[in-house]
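Chain and residue survey
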Amino acid sequence: MHSTNRNRISKAGKVRIIGGEYRGRRITVPERRDLRPTPDRVRETLFNWLGQRLDGRSCLDLFAGSGALGFEAASRGAARVVMVENDRDVFGALRKSLELIGAAQVELVLGDAFEYLNRTDARFDVVFLDPPFRQNALPALMERLPDRLAAGARVYVEAPDALEPAEPWRELKRARAGQVSYQLLELT
């Protein structure tokens, strides 16, 4: 659902979970500016990078949007998945998807991603970062994230251009799909 026009409005639709316990279930995607659900082939590559299963891991989907990444993590055995979304309509769609899927390990948070990082004491093993491209939020997020990461944590980043990681970050993997760059990072 990515487009060359970064300001496009996504059409309402569905995204399917591609692996794990909830494989084949569909997530509702509301029509919304800058909502770009991560495509199947990108999610497939990401979860290959992560080792397919996330058994016992704690995951944070910081700009949840459609919830494709967070629900995929829950489907693949994550013990806890926190999805943060600030758009009330999109949050409502997440809630409906959660009710249909029935993933008890998923916690939905209506609010700002930065405020969530400031108030939580939780540490996460995997963090998904796919903020709206127009926000240019990645530099500030990369500064704040280390305090929220467990030892050996991985951070997935989706952006229009590859992030050139600086200390304390190290890039593990990088790929591109159309107009979107995606990477897997870790703390050094």
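In this report, we go over the structure that sits alongside the text.

The rules we used
- Residues numbered from 1 in each chain as written.
- Predicted model: local features only at pLDDT ≥ 70, side-chain atom pairs only at ≥ 80, totals over all residues.
- Heavy atoms only, no water.
- Salt bridge = Lys/Arg side-chain N within 4 Å of Asp/Glu carboxyl O.
- Buried < 20%, exposed > 50% of the residue type's maximum accessible area, 1.4 Å probe, protein only.
- Helix = DSSP H or I, 4+ residues; strand = E, 2+ residues; numbered from the N terminus.
- Phe/Tyr/Trp six-rings, centres within 6.5 Å; stacked < 30°, edge-to-face > 60°.

1. Some points on the pattern of salt bridges
- Counting across every chain of the model gives 10 salt bridges.
- Between Arg53 and Asp55 there is a salt bridge whose closest N-O contact spans 2.8 Å.
- For Arg53, a relative accessible area of 40% translates into the label partly exposed.
- The partner of Arg174 in a salt bridge is Glu164, with the nearest N and O atoms 3.2 Å apart. Of this pair, Arg174 sits in strand E8 (residues 169-177) while Glu164 sits in the loop between strand E7 (149-159) and E8, placing them 10 residues apart in sequence.
- What makes Arg174 partly exposed here is its relative accessible area of 39%.
- Here the residues in one salt-bridge network are Arg16, Asp40, Arg43, Glu72 and Arg76, joined through shared partners.

2. Regarding the packing of aromatic side chains
- Following the criterion strictly, the structure yields 4 aromatic pairs and no others.
- Taking the centre distance of 6.4 Å and the plane angle of 65 degrees together, the rings of Phe128 and Tyr156 count as edge-to-face. On the criterion of sequence distance, the pair formed by Phe128 in strand E6 (residues 124-129) and Tyr156 in strand E7 is long-range, its members being 28 residues apart.
- Grouping aromatic residues by their ring pairs yields a cluster made of Phe47, Trp49, Phe128, Tyr156 and Tyr182.

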